[in-house]
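# Summary of structural features
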Amino acid sequence: MIRTVKTETTAEAYLLLLKDRGIDYFLGNGGTDFASLVDAFAKFEAEKIPAPRPLVIPHEFVAVSMAHGYYLEAGRPAAVMVHVNVGTSNASTAIISASRAGVPIFMSAGRTPVTEEGLPGARDLHIHWAQESFDQAAMLREWVKWDYELRTPVQLESVVDRAFELMMAEPRGPIYLSLPREVLATPLPAIAITSPSRRQTTSEHFPDPARIEEAGRLLARARSPLILTCASGRDHRAVPALVALAEAGGIAVVEADPTYMNFPSRHDLHLGFNQSGATNPSLAEADVILVIDADVPWYPSRVKPSADCTIIHLGIDPFFARYPMRSYPCDVPIAATPAAALPLLTDAVRRHADAATVADRHQRAAAEHRKRWQAWEAAATAQASKSTVGFAWVAKCLEELIDDDTVVVNEYPLDRRHAAFTRPGSYFAAPHSSGLGWGFGTALGVKLAAPGKTVIATLGDGAYFFAEPMSCHFVQRAHDLPLLTVIFNNQRWEAVRSAALGLHPDGWARRTGQFPLTALTPSPRFEDVVKAFDGHGERVETPAEVGPALKRALAAVREGRQALLNILCQRAPE
Ligand SMILES: Cc1ncc(C[n+]2csc(CCOP(=O)(O)OP(=O)(O)O)c2C)c(N)n1
């Protein structure tokens, strides 16, 4: 159906078009390029015209991170707009994260006026010359699926629809649109749009039946089959589907540096994690491995499957085509939507499986599950009696407070071995590209999409610094998005320190006990920062204080105040 809407400028038409295409939030960090957008939003407000809700976000990195979190929770993209090339540059790390995570973001930026005089919107400040790039999109081009510049109002609908189509087609990812000031300012009395849009993109990718049959046979007949997954839980339907497959074949599941909740931790086929510092023993014992949506299923330099282990890869893009180098063996490729392929694979496993073998494998895995999870539980509990706080103890205390309406956004410190997750969508972790600072803004985006939920951001002290924390605290208060932020404050960049130790085990740093470029001391009173934004802040230094402090902080959040706990802790407490 064609819908004609009265407008005054192209900027106005653009925003109404975004709303029509399902954009509810416009996360903005503006400059002189925003002039016509500011005016259009003022009109929408005055005349009560439905439009995306504009939110001021004081740093571009936070705006994009919020759009990332918004999509994780809502399953729909948000729009971000930043100021020309300089704003794009500030946003770029967060765009790398969204790209590697397959998260669609409608990313846009102004473009300095093209004309030096003569048109409405033409250059009238020094910045308009100096902020011009030869190719503004170039700095993001590797990380977006499509980039374009809106050249005339005539192409407005085509450009916006092309952007949506490519952003939402699988595998998803951010797009980038630049918007010159004169184009946005161009008068436009009306716009006629096709509404709803006829650019549908949703279409399940079904697998090759022959490969499903082959994989089903292999998994059913294996001695020690294993499933490795990192991100299958991005699609909530894939969680029960994976449980069904694991149960049908008595197949153990290991999460490989998971970025989602993929498989319930308490399920007796959950055999833990493959992660840095804790490679999973099941990996070396397996004779058939099914890798589902995992870019780095194992680290070949540390531990890898035996040479005769058969490897199956399942995912929408099982080859991670945008990674320059990646050399995991693949004997059976299955390029498909995991949620669509898993039930078919389950049927194939059932057809080939022998009930006694399945029961035997299930029993063996369940015994191993109990052994491993009990040891992790005991390790966390043992930290309760230490004089300093341990990471595992904080994770355990946090786990006890997670209810059905809690979402945790984790930027590294929360070790899943000590905090069980059982609900799809209850846990999100940093994309493996690791552009630090992702977690805080992403947690804000989750809260924006689900204001009724309790959102907890677990961050290292390093990650907190990188997150543009002043902007994040500002956003919580200005836009009423209170979070609980838990800083695991080890007063250093442990990752950098342990990399030096790992590569030079007998080197100068170990021998002298000096680790230049890794200390974050003197550590600030992070708990006081949140008070500048009317929040609740506490510093925690002993294991006994952790649980009560978490409870007080959560109570503050549930009353609508942001809260921050600065927990002084170490991975190995004394
Ligand atoms: C933007 C960016 N800069 C630098 C790094 C390298 N880096 C990886 S982890 C890390 C330390 C993070 O510190 P913290 O969050 O306190 O965690 P810890 O390593 O102490 O566990 C650094 C600097 C990165 N991943 N991203």
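Before reading further, recall that the structure is shown in the block above.
Residues numbered from 1 in each chain as written. Predicted model: local features only at pLDDT ≥ 70, side-chain atom pairs only at ≥ 80, totals over all residues. Heavy atoms only, no water.

## Thoughts on the overall build of the protein chain
Secondary structure summary: the protein chain contains 20 helices and 21 strands in total. The C-alpha radius of gyration computed for the protein chain amounts to 25 Å, which stays within 12% of the reference 25 Å derived for 574 residues, consistent with globular compactness. In terms of overall dimensions, the protein chain has a C-alpha envelope of 80 × 60 × 45 Å along the principal axes. In the protein chain, 76% of the contacts between residues at least 6 apart in sequence involve partners at least 24 apart. Of the roughly 23700 Å² that the protein chain leaves accessible, carbon and sulfur atoms contribute 55%. Looking at the protein chain, you have 57 positive and 64 negative side-chain charges, and the mean spots of the two groups are 3 Å apart. (Helix = DSSP H or I, 4+ residues; strand = E, 2+ residues; numbered from the N terminus. Rg over C-alpha atoms; globule rule 2.2 N^0.38 Å. Contact = heavy atoms within 4.5 Å. Areas by Shrake-Rupley, 256 points an atom, 1.4 Å probe, with all protein chains shown as cover. Lys, Arg positive; Asp, Glu negative; His and termini not counted. Charge placed at Lys NZ, Arg CZ, Asp CG, Glu CD.)

## So, the environment of P52
Inspection of the secondary structure assignment puts P52 in the loop between α2 (35-47) and β3 (53-56). The sequence separation of P52 and T259 amounts to 207 residues, and the corresponding C-alpha distance is 29 Å. Discounting chain neighbours no more than four positions away, the residues touching P52 are L15, L18, K19, I23, D24, Y25, F26 and F41.

## Regarding the pairing of strand β19 (residues 484-489)
Along β19, six of the six residues are buried, which leaves the element largely enclosed by surrounding structure. The alternating pattern of β19 places L484, V486 and F488 and T485, I487 and N489 on opposite faces, both of which are buried. Here five bridges tie strand β18 (residues 454-460) to β19, and the two strands are oriented parallel to one another. Along β19, the bridge assignment pairs L459 with I487. Here β19 runs beside strand β21 (residues 563-570); their pairing, made up of six bridges, is parallel. When the bridges of β21 are listed, F488 appears paired with I567. (Buried < 20%, exposed > 50% of the residue type's maximum accessible area, 1.4 Å probe, protein only. Pairing = 2+ DSSP bridges.)

## A closer look at the packing of aromatic side chains
Inspection of the entire model under this criterion finds 16 aromatic pairs. Where W146 meets Y148, the ring centres are 5.7 Å apart and the plane angle is 15°; that geometry is what we call stacked. For Y148, a relative accessible area of 26% gives the class partly exposed. Considering the side-chain rings of W298 and Y328, the 5.1 Å spacing of their centres and the 90° angle between planes classify their relative orientation as edge-to-face. Here W298 is found in the loop between β12 (288-292) and β13 (310-315), whereas its partner Y328 is found in the loop between β13 and β14 (332-335), with 30 residues between them in sequence. Like W298, the residue Y328 is buried in the burial classification. (Phe/Tyr/Trp six-rings, centres within 6.5 Å; stacked < 30°, edge-to-face > 60°.)

## A look at the site of the ligand
Close contacts around the ligand come from 13 residues, with S434, D461, G462, E494 and A495 the closest. Within the backbone of A463, an N or O atom sits 2.9 Å from an oxygen atom of the ligand. Taken by itself the ligand offers 580 Å² of open surface, and the protein chains cover 75% of this. Those elements giving two or more residues to the shell around the ligand turn out to be α15 (461-466) and α17 (494-503). Ranked by residues supplied to the shell around the ligand, first place goes to α15 with four residues. The class makeup of the residues in the shell around the ligand is six nonpolar, four polar and three charged. (Near = heavy atom within 4 Å. Polar contact = N/O pair within 3.5 Å; in protein donor to acceptor, adjacent residues only side chain to side chain. Nonpolar A, V, L, I, M, F, W, Y, C, P; charged D, E, K, R; others polar.)

## Focus: the layout of surface pockets
Of the volumes computed, that of the largest pocket is approximately 1600 Å³. For the largest pocket, the lining is made up of 44 residues, of which D257, S276, Y412, A495 and R571 are closest to its centre. When contributions to the lining of the largest pocket are tallied by element, the ones reaching two or more residues are α13 (391-399), β16 (406-411), β17 (427-429), α15 and α17. Here the lining of the largest pocket is composed, by residue class, of 20 nonpolar, 14 polar and ten charged. (1 Å grid on protein atoms, 1.4 Å probe; cavity = no way out; pocket = protein on both sides within 12 Å on 5 of 7 lines; lining within 4 Å. Points joined across faces, edges and corners; volume = space filled by probe spheres on them.)

## Details of the sheet that holds β13
One open sheet holds the six strands; their spatial order is β11-β10-β9-β12-β13-β14, and the pairing between them is parallel. Bordering the open sheet on either side are β11 (270-274) and β14, each of which pairs with just one other strand. Sheet twist, expressed as the mean angle between neighbouring strand axes with direction ignored, is 20°. Where strand β9 (residues 225-229) and strand β10 (residues 252-256) come together, four bridges link them in parallel fashion. By the bridge assignment, I227 is partnered in β10 with V253. Where helix α9 (residues 238-249) meets the sheet, its contacts fall on β9, β10 and β12, and the angle it forms with β9 comes to roughly 165°. (Axes fitted to C-alpha atoms, helices over the stretch in contact; angles between N-to-C directions.)

## Quick look at the nonpolar core
L27, M66, V80, M107, I289 and L290 are the most contacted members of the largest nonpolar core, which totals 104 residues. Sequence-distant contacts of V80, defined by excluding residues within four places in its chain, comprise L27, A63, V64, A67, I105, F106, M107 and S108. Counting 36 residues, the second-largest nonpolar core is a separate cluster that includes V5, A163, M167 and V183. (Core = buried A, V, L, I, M, F, W, Y, C linked by side-chain atoms within 4.5 Å.)

## Considerations on the packing of helix α8 (residues 209-221) against helix α11 (residues 338-352)
Orientation of α8 relative to α11, taken along the N-to-C sense of each, is 55°, at an axis distance of 8 Å. As summarised for this structure, α8 and α11 are arranged oblique, according to the angle between their axes. Where α8 crosses over α11, the handedness of that crossing is right-handed. Of the residues in α11, those in contact with I212, E213, A215, G216, R217, L219, A220 and R221 of α8 are A341, L344, L345, A348, V349, R351 and H352. The residue makeup of the contact of α8 with α11, split by class, is nine nonpolar, two polar and four charged. (Parallel < 35°, antiparallel > 145°, perpendicular 65-115°, else oblique. Left-handed = near helix turned anticlockwise from the far one by under 90°.)

## Considerations on the sheet that holds β3
Spatial strand order, β3-β2-β4-β5-β7-β6: six strands in an open sheet with parallel pairing. Two strands in the sheet have a free side with no partner beyond their single neighbour: β3 and β6 (147-149). The average angle at which neighbouring strand axes cross in this sheet is 20°, direction not considered. Helix α3 (residues 60-74) rests against β2 (25-29), β4 (79-82) and β5 (106-111) of the sheet, and its axis sits at about 165° to β2.

## A few points about the pattern of salt bridges
Counting across every chain of the model gives 41 salt bridges. The residue E149 makes a salt bridge to R111 at a minimum N-O spacing of 3.2 Å. A residue pair is termed long-range when its members are at least 10 positions apart, and E149 in strand β6 and R111 in strand β5 qualify at 38 residues. (Salt bridge = Lys/Arg side-chain N within 4 Å of Asp/Glu carboxyl O.)

## Here we look at helix α1 (residues 10-20)
In terms of burial, α1 is largely enclosed, as nine of its eleven residues are buried. Note on α1: the residue one or two positions beyond its end, G22, has a positive phi of about 100°.

## With respect to helix α12 (residues 355-382)
Here α12 is 28 residues long and its end C-alpha atoms lie 40 Å apart, about the 40 Å a rise of 1.5 Å per residue gives. The set of residues buried in α12 consists of V358, R361, A365, A366, H369, R372, W373, W376 and A380. (Expected span 1.5 Å × (residues − 1).)

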